[in-house]
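Chain and residue survey
In case you want the letters, here they are:
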Amino acid sequence: QSNSAATHSSSPAQNVSTLLSSLPEADAIIYSSPQKILNEVAPRVVPADELAKWRATFVDLKRSVGIDPSSIDYIALALRFHKPASDLSFVPPDVMLVAGGDFSADSLITLMELSLQESARKETYLTKTITVAKIEPIAEQAKKTPLLKSFSEIGVVALNSNTLAFGNLNYLKAAIDAASGTGRISSTAINSLLRDPNALISASGSPLTAFVKSFGMLGTETTPRESRCDTRFGDFYAAITLTGSNFSLRGAMSADNPDTAKIINGLFSGLWQQAITAIPDKNAQGVLKNIRIVPRESEIVFEADVPEQTIASYIKEALKPTPKVEPATSTKPATRTKRRVRRK
């Protein structure tokens, strides 16, 4: 993996695939490219004056904390589910956010440590140092709800000189293992996530696999059970790209076979129309009506093409300041108080 911004930009698709393939296993993952969104898309849909404000803010951030959001190559949010514990209690999923780009990971962690001061501790794992901070509100809630215990602390670690990972401790340790070649995410998951290498945002996952694992159908952490169901039903993919002058949405969900695909498509299509009519915003309704849902072989495919100008108009409208409502003034004439004359 190269640590230079120049190398990152020379072959973005290949580099992102290589970088993400060194993450730990995940049951669902969301990917976005802030660099593409802020440098290529934003100038086409965001008003010039608003864009100028953003860029001024980015300059300030670069000066103060050493990172410019428009130079972040990628952000990935990963979730990993677990088998139940030996006492059959539900184990919450691991969550991790990874970001890579033209910044110094070590410098950013140093700034975080200075900000956290005594509230942070350090933990060494293999060759890496993880900075861990307690999230007090969640820690308090965890005393009453043990399910929240794994989220009561958040850690951060530099996986390399320009890659940061935030998440719960166990997943960060798994990320360190994966960086050294152990327990990496499957190539199938990466290929699904980056089905379109030009995606601005994409997501993929296996919700049925996560359910089967979490609720003991594959056994517990201490007692494994052989799977009796081998299907990719529910595996999904979705991505947004900018193609010409249109934003394109493409996605698919595996339905296991063509018959099931048609049955689920009929159900989805009806529910989708109901959902659209329930949205009060007419502009949002117009955008959502562009989404087509069709069965295609063993998948349910959804796709839409929305003109760039439609998105630009929507953003412009959303950025308009809310008009101030002046307090209503009463036009009712003032009531004159009658003076009572006391008779002698």
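The present account deals with the structure reproduced in this document. It should be emphasised that the depicted structure is a prediction, and the values quoted were computed from it without experimental measurement. Think of each chain on its own: its residues are numbered from 1, step by step along the sequence as written. Per-residue local features of the predicted model are confined to residues with pLDDT of at least 70, and side-chain atom pairs are confined, for both listing and counting, to 80 or more; whole-chain, interface and lining totals are unaffected and use all residues. Where side-chain values are given, they derive from all heavy atoms of the structure, hydrogens and water being excluded.

Looking at the overall build of the protein chain
Formally: The helix and strand labels rest on DSSP assignments: H or I over at least four residues marks a helix, E over at least two residues marks a strand, and numbering proceeds from the N terminus. Exposure is judged per residue with a 1.4 Å probe applied to protein chains only, and the accessible area is read against the type maximum: over 50% gives exposed, under 20% gives buried, and values in between give partly exposed. The contact definition used throughout considers only heavy atoms, calling two residues in contact when any of these lie within 4.5 Å. Values of accessible area rely on a 1.4 Å probe in the Shrake-Rupley scheme; residue burial ignores everything except the protein chains shown.
Scanning the protein chain from N- to C-terminus turns up twelve helices and twelve strands. By the burial criterion, 36% of the 344 residues in the protein chain qualify as buried. A separation of at least 24 residues holds for 66% of the contacts in the protein chain among residues at least 6 apart in sequence. Just so you have it, the protein chain exposes about 21100 Å², and 56% of that area is on carbon and sulfur atoms.

Examining unusual backbone geometry
One non-glycine residue, leucine 126, lies in positive phi territory at about 50 degrees. Structurally, the position occupied by leucine 126 is in the loop between β4 (120–125) and β5 (128–134). The exposed category is assigned to leucine 126, whose relative accessible area is 53%. Unlike most non-glycine residues, aspartate 256 shows phi in positive territory, near 80 degrees. Relative to the helices and strands, aspartate 256 resides in the loop between β10 (246–254) and α10 (258–277). Under the relative-accessibility criterion, aspartate 256 is labelled partly exposed at 45%.

Topic: the environment of valine 65
Within the secondary structure layout, valine 65 lies in helix α4 (residues 48–65). Sequence separation between valine 65 and serine 107 is 42 residues; the distance between their C-alpha atoms is 8.5 Å. With sequence-adjacent residues up to four places away left out, valine 65 is seen in contact with Leu108 and Leu111.

Details of the sheet that holds strand β11 (residues 292–296)
Note the following rule: For two strands to pair, DSSP has to find at least two bridges joining them. All axes are obtained by fitting lines to C-alpha atoms, using only the stretch in contact for helices, and the reported angles, taken between N-to-C directions, cover 0 to 180 degrees.
Sheet architecture is open: twelve strands sit in the order β4-β5-β6-β7-β3-β2-β1-β8-β9-β10-β12-β11, paired in antiparallel fashion. The two strands at the open ends of the sheet, each matched to only one other strand, are β4 and β11. Ignoring strand direction, the axes of neighbouring strands in this sheet form an average angle of 15 degrees. Relative to β5, β4 runs antiparallel, the two sharing six bridges. Among the inter-strand pairings, alanine 120 is bridged to a residue of β5, identified as alanine 133. Strands β4, β5, β6 (153–160) and β7 (163–167) of the sheet are contacted by helix α5 (residues 105–116), whose axis makes an angle of about 155 degrees with β6.

A closer look at a nonpolar patch on the surface
Our working definition: A patch is a set of surface residues, each over 30% in relative accessible area and not in a salt bridge, joined within 9 Å for like charges and within 5 Å for the nonpolar side chains Val, Leu, Ile, Met, Phe, Trp and Tyr. Only one rule defines a salt bridge in this text: a Lys or Arg side-chain nitrogen within 4 Å of an Asp or Glu carboxyl oxygen.
On the surface, a nonpolar cluster with roughly 500 Å² of combined accessible area is contributed by Phe90, Leu147, Phe211, Phe215 and Met217. Take methionine 217: it is sitting in the loop between α9 (207–214) and β9 (236–243). Its relative accessible area of 40% is what places methionine 217 among the partly exposed residues.

A word on the packing of aromatic side chains
This is how it is decided: Note on aromatic contacts: the rings of Phe and Tyr and the six-membered ring of Trp form a pair at centre separations within 6.5 Å, being stacked when their planes are under 30 degrees apart, edge-to-face when over 60 apart, and tilted otherwise.
Within the structure shown, the criterion is met by two aromatic pairs. With 5.7 Å between their ring centres and 35 degrees between their planes, phenylalanine 90 and phenylalanine 215 make a pair best called tilted. Note that phenylalanine 90 is positioned in the loop between β2 (72–80) and β3 (94–101) and phenylalanine 215 in the loop between α9 and β9, a separation of 125 residues in sequence. You can call phenylalanine 90 partly exposed: its relative accessible area is 36%. The structure contains a cluster of three or more aromatic residues connected by ring pairs, namely Phe90, Phe211 and Phe215.

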